[in-house]
Amino acid sequence: MTPTVIGVLASGRGSNFEALARNFRNGTTGGLVRVVIANVPDAAVLERAKALGVEGKLIDHKTFASRADFERALIEELEKYNVGLVCLAGFMRILSPVFVNHFAGRIMNIHPSLLPAFAGLQGMDVHRAVLESGAQFTGCTVHFVNEHVDAGPIILQRVVPVLDDDTVETLAARVLAEEHQAYPEAVKLFCQNRLQIQGRRVKII
Ligand code: GRF
């Protein structure tokens with residue numbers, strides 16, 4: 001079976017990109033990470049791509065007149081590689097229907113909380129809000145992307161207990177370790193054609 005070509009969009013550190021690139025590097029797992037596109041010139045993810053031998057591209061959103069133009073450039077680049085699945089991995093731009101409709105049902109994101117709790121927040125703000133809320137459990141969510149932020153059908157979640165002595169940093173680190181397991185797992189299911197979107201729910205077949 002030909003592997004599903006995976007394109008990653010990222011804006012920063014790129015640890016989730018790396019987890020995907022390491023899990024899907026030769027197509028034997030059903031998927032192959034061919035390209036990562038960063039929208040920020042100094043994004044560390046581009047260095048990681050180089051080290052891992054994955055094509056890294058910069059498409060700086062600031063050089064486009066509109067969000068739609070930027071997204072059309074992303075689409076054009078991803079289509080050059082025949083990308084079958086787009087993985088957002090710390091991608092800090094909201095995607096409009098121009099992009100979402102083009103890759104409908106073929107875009108995933110990872111969020112560092114148990115959605116729908118703590119949706120819409122980013123980075124350390126998520127973990128700070130979890131600690132302030134007094135929640136005893138948090139985790140991460142891999143979901144399909146629709147036109148609303150952090151709101152698409154949930155594919156899988158991993159639970160992380162909040163410990164009494166947790167700081168934002170210790171909690172973030174434990175959640176991140178789970179992210180690196182959860183994202184490849186969800187992508188593998190997609191590549192094996194085992195995910196069926198049924199309204200709000202995703203059935204694993
Ligand atoms: C992760 O916590 C992810 O859940 C969120 O952004 C962060 C990206 O981290 N969407 P990294 O760049 O993959 O290391």
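Now for a quick tour of the structure. (Residues numbered from 1 in each chain as written. Predicted model: local features only at pLDDT ≥ 70, side-chain atom pairs only at ≥ 80, totals over all residues. Heavy atoms only, no water.)

1. Examining the environment of Val126
Mapped onto the elements, Val126 comes out in helix 5 (residues 124-133). Separated by 52 residues in the primary sequence, Val126 and Glu178 place their C-alpha atoms 15 Å from one another. Excluding its chain neighbours within four sequence positions, the residues that come into contact with Val126 are His111, Pro112, Ser113, Phe118 and Leu121. (Helix = DSSP H or I, 4+ residues; strand = E, 2+ residues; numbered from the N terminus. Contact = heavy atoms within 4.5 Å.)

2. Quick word on the site of the ligand
The environment of the ligand is formed by Arg13, Gly14, Ser15, Asn16, Gly90, Ile110, His111, Pro112 and Glu179. Within the contact set of the ligand, an oxygen atom lies 2.8 Å away from a backbone nitrogen or oxygen of Asn16. Between the ligand and the protein, one listed contact pairs a nitrogen atom with a backbone N or O atom of Ile110 at 2.9 Å. In isolation the ligand exposes 370 Å². Once the protein is present, 85% of that is buried. Spatially, the ligand is embedded in the largest pocket. (Near = heavy atom within 4 Å. Polar contact = N/O pair within 3.5 Å; in protein donor to acceptor, adjacent residues only side chain to side chain. Areas by Shrake-Rupley, 256 points an atom, 1.4 Å probe, with all protein chains shown as cover. 1 Å grid on protein atoms, 1.4 Å probe; cavity = no way out; pocket = protein on both sides within 12 Å on 5 of 7 lines; lining within 4 Å. Sits in = over half its atoms within 2 Å of the grid points.)

3. Considerations on the layout of surface pockets
The calculated volume of the largest pocket comes to roughly 880 Å³. Considering the residues around the largest pocket, the lining is formed by 37 residues, among which Gly90, Phe91, Met92, Ile110 and Gln122 are closest to the centre. Sorting the residues of the lining of the largest pocket by element identifies helix 1 (15-23), strand 5 (107-111), helix 5 and helix 6 (168-191) as the ones contributing at least two each. Per element, the largest residue contribution to the lining of the largest pocket is 4 residues, and it comes from helix 6. Within the lining of the largest pocket, the residues separate by chemical class into 17 nonpolar, 15 polar and 5 charged. (Points joined across faces, edges and corners; volume = space filled by probe spheres on them. Nonpolar A, V, L, I, M, F, W, Y, C, P; charged D, E, K, R; others polar.)

4. A few points about the pairing of strand 3 (residues 55-58)
With 4 bridges connecting them, strand 2 (residues 31-38) and strand 3 associate as parallel partners. Bridging from a neighbouring strand, Ala38 pairs with Leu58 of strand 3. Considered for its hand, the β-α-β crossover made up of strand 2, helix 2 (residues 44-52) and strand 3 is right-handed. (Pairing = 2+ DSSP bridges. Right-handed = clockwise from strand over helix to strand, strands pointing away.)

5. Describing unusual backbone geometry
The linkage connecting Leu115 with the following residue, Pro116, adopts the cis geometry, with an omega of 10 degrees. In this structure, Pro116 sits in the loop between strand 5 and helix 5. Positive phi values are uncommon outside glycine, yet Phe118 reaches one of about 60 degrees. Take Phe118: it is sitting in the loop between strand 5 and helix 5. Even without a glycine there, the phi angle at Asp150 is positive, about 55 degrees. Of the residues examined, Asp150 reaches a relative accessible area of 15% and is grouped as buried. (Buried < 20%, exposed > 50% of the residue type's maximum accessible area, 1.4 Å probe, protein only.)

6. Re the nonpolar core
One finds Phe17, Met108 and Val187 to be the most contacted residues of the largest nonpolar core, which totals 40 residues. Sort the elements by how many residues they give to this core and helix 6 lands first, with 9 residues. If we skip the residues at most four places from it in the chain, Phe17 touches Val8, Val33, Val36, Val45, Arg48, Ala49, Leu52, Val54 and Ala89. Ranked by size, the runner-up nonpolar core spans 21 residues in total, among them Val35, Ala73, Leu88 and Phe91. (Core = buried A, V, L, I, M, F, W, Y, C linked by side-chain atoms within 4.5 Å.)

By themselves, these observations are geometric and do not establish any function.
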